[in-house]
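# A closer look at the structure
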Amino acid sequence: MPTASPFAGHEPRILELHSDLIRAEFCSYGARLTALYLRNPDGSETNIALGFPQLDDYPAHDSYVGAICGRFANRIAQARFELDGTPIALSANEGPNQLHGGAEGFDRRHWDTLAFDYRSVTFALTSPDGDQGYPGTMKIQVTYRIIDEDRLQCLITATCDRPTVVNLTNHAYWNLSGDFSRSAADHLLQIDADEYLPVDEQLIPLPGRSSVEDTAFDFREEKSISERLDESGGYDHNFCLDGARGQLRPVARLTDPESGRSLSLSTTEAGLQFYLARHFSPALSSREGRPLHPAAGIALEPQTYPDSPNRPDFPSARLEPGEVYEHLIEWKFAPGPEPTL
Ligand code: BGC
């Protein structure tokens, strides 16, 4: 007997964009990036974005792989906040807190495909009033677009008919070696941030911000993630990005020292969650069919700061009716150097 589809009649659409250098695959379930193939100097291709072998694996094992997270990416403490004096109760999905918009976040939705050609795809979603506890009916659009040969952009826009909060990002996990059975901890990372947010044991930001100076969180100069990994207690922190929110600016750069492949990340947002995965089970495999390393990938998630609806000292996540929330993310890819003869 055929087993019931986890997609309940909404079979996801798979869409591919390409240029001479990159080939990116997307899935309408979660508006997610499921693969990013980068052309090597010898003409072969390597996939550097973690994806699962089967579509059914996404709802089963999730981890937000490649997905759009929302309505509020990252954590909201105690799954609640106040809006104009009214307490708002959200659905909790990580102990008492909410992570990435709740148990039925945007990563688990069937997005409509509004437009598609080989360079660009637009997904759309309507989130009803009260969705996971959030006020107002929200309309969201996500456009992934290849610019020139080497850049992929993700433009996320949202409007709402009531005052609310919003924080949307993409949750790709990168391993520029292309081998997801290998730890990504040996990658080199650089982040333009003088400050980061220390967190409590539930990964909720503590009061204040800390300077990265003389800490394991100082990535102002490129360094290997493994260098101070033990001292860091594991990287899953928000970095307070330099530069003005609202302006697209390069904020981080990731390099695989072996192949020389690199990506440079730009964002219009104020913060960057840097998460070196440590949770993947080797019982899971990558789409290439290899068992996953627990630290198979690095998530670099530009966003506003975690828990900002409860933190007046953080950049605001508030959205008014008539206003348009806009977040632009750009990844610029470079293949490794030409092989020497
Ligand atoms: C969070 C991690 C979480 C992961 C789930 C990341 O954005 O920072 O704490 O485990 O998402 O995939």
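A few points on the structure. Computed from a prediction, not measured in an experiment: that's the story for all the values here. (Residues numbered from 1 in each chain as written. Predicted model: local features only at pLDDT ≥ 70, side-chain atom pairs only at ≥ 80, totals over all residues. Heavy atoms only, no water.)

## Description of the overall build of the chain
A tally of regular secondary structure across the chain gives two helices and 27 strands. Computed over its C-alpha atoms, the radius of gyration of the chain comes to 19 Å, within 12% of the 20 Å expected for a compact globule of 341 residues. For the C-alpha atoms alone, the extent of the chain along its principal axes is close to 70 × 55 × 40 Å. A buried classification covers 57% of the 341 residues belonging to the chain. Within the chain, contacts between residues at least 6 apart in sequence are counted, and of these 67% link residues at least 24 apart. Of the roughly 13,700 Å² of accessible surface on the chain, 49% is carried by carbon and sulfur atoms. Charge-centre separation for the chain: the mean point of 29 positive side chains lies 2 Å from the mean point of 51 negative side chains. (Helix = DSSP H or I, 4+ residues; strand = E, 2+ residues; numbered from the N terminus. Rg over C-alpha atoms; globule rule 2.2 N^0.38 Å. Buried < 20%, exposed > 50% of the residue type's maximum accessible area, 1.4 Å probe, protein only. Contact = heavy atoms within 4.5 Å. Areas by Shrake-Rupley, 256 points an atom, 1.4 Å probe, with all protein chains shown as cover. Lys, Arg positive; Asp, Glu negative; His and termini not counted. Charge placed at Lys NZ, Arg CZ, Asp CG, Glu CD.)

## Structural notes on the site of the ligand
In the vicinity of the ligand, the contacting residues are Ser63, Tyr64, Arg75, His100, His171, Tyr173, Leu203, Asp236, Gln273, Tyr275 and Glu301. Contact between the ligand and His171: an oxygen atom at 2.9 Å from a side-chain N or O atom of the residue. In this structure, Gln273 approaches the ligand through a side-chain N or O atom, which is 3.3 Å from an oxygen atom. In the complex, the protein chains occlude 90% of the 310 Å² of accessible area that the ligand would expose alone. Judged by the proximity of its atoms to the pocket grid, the ligand belongs to the largest pocket. (Near = heavy atom within 4 Å. Polar contact = N/O pair within 3.5 Å; in protein donor to acceptor, adjacent residues only side chain to side chain. 1 Å grid on protein atoms, 1.4 Å probe; cavity = no way out; pocket = protein on both sides within 12 Å on 5 of 7 lines; lining within 4 Å. Sits in = over half its atoms within 2 Å of the grid points.)

## Considerations on the sheet that holds strand 21 (residues 236–241)
Read from one edge of the open sheet, six strands run 16-25-24-21-18-19, paired in antiparallel fashion. Two strands bound the open sheet, and with one partner strand each, they are strand 16 (173–174) and strand 19 (210–211). Pairing analysis gives three bridges linking strand 18 (residues 193–196) to strand 21, with the strands arranged antiparallel. Looking at the pairing, Ala193 lines up with Leu241 of strand 21. (Pairing = 2+ DSSP bridges.)

## A word on the sheet that holds strand 23 (residues 262–267)
Taken in spatial order, the nine strands make up an open sheet running 10-11-12-13-27-23-22-17-20, and their pairing is antiparallel. Edge strands, defined here as strands with exactly one partner in the open sheet, are strand 10 (112–117) and strand 20 (223–224). Bridge count between strand 22 (residues 249–255) and strand 23: six bridges; the pairing is antiparallel. Opposite Pro250, over in strand 23, you have Ser266 as the bridge partner.

## Concerning empty space enclosed by the protein
All chains considered together, the criterion is met by one cavity of 30 Å³ or more. The calculated volume of the largest cavity comes to roughly 40 Å³. When residues in the lining of the largest cavity are grouped by element, the largest group, three residues, is from strand 21. Of the residues in the lining of the largest cavity, the class split is five nonpolar, four polar and two charged. (Points joined across faces, edges and corners; volume = space filled by probe spheres on them. Nonpolar A, V, L, I, M, F, W, Y, C, P; charged D, E, K, R; others polar.)

## Regarding the packing of aromatic side chains
Tallied over the full model, the rule gives 19 aromatic pairs. Pairing Phe239 with Phe274 gives two aromatic rings, centres 6.3 Å apart and planes at 45°, and the pair type is tilted. Note that Phe239 is positioned in strand 21 and Phe274 in strand 24 (residues 271–276), a separation of 35 residues in sequence. The same class applies to Phe239 and to Phe274, which are both buried. Connected via pairs of aromatic rings, a cluster forms that spans Tyr196, Phe217, Phe219, Tyr235, Phe239 and Phe274. Positioned above the aromatic ring of Phe219, the side-chain terminus of Lys223 is 4.2 Å from the ring centre. (Phe/Tyr/Trp six-rings, centres within 6.5 Å; stacked < 30°, edge-to-face > 60°. Lys NZ or Arg CZ within 6 Å of the ring centre and 35° of its normal.)

## So, the layout of surface pockets
Taken as a whole, the largest pocket holds about 210 Å³ of empty space. In terms of lining residues, the largest pocket is bounded by 16 residues, among which Arg75, Leu99, His100, Asp236 and Tyr275 are the most central. Of the residues that constitute the lining of the largest pocket, the class distribution is five nonpolar, six polar and five charged. In this structure, the second largest pocket spans a volume of roughly 160 Å³. Top element by residues in the lining of the second largest pocket is strand 7 (residues 80–83). It accounts for three residues. Residue composition of the lining of the second largest pocket, by class: seven nonpolar, two polar and four charged.

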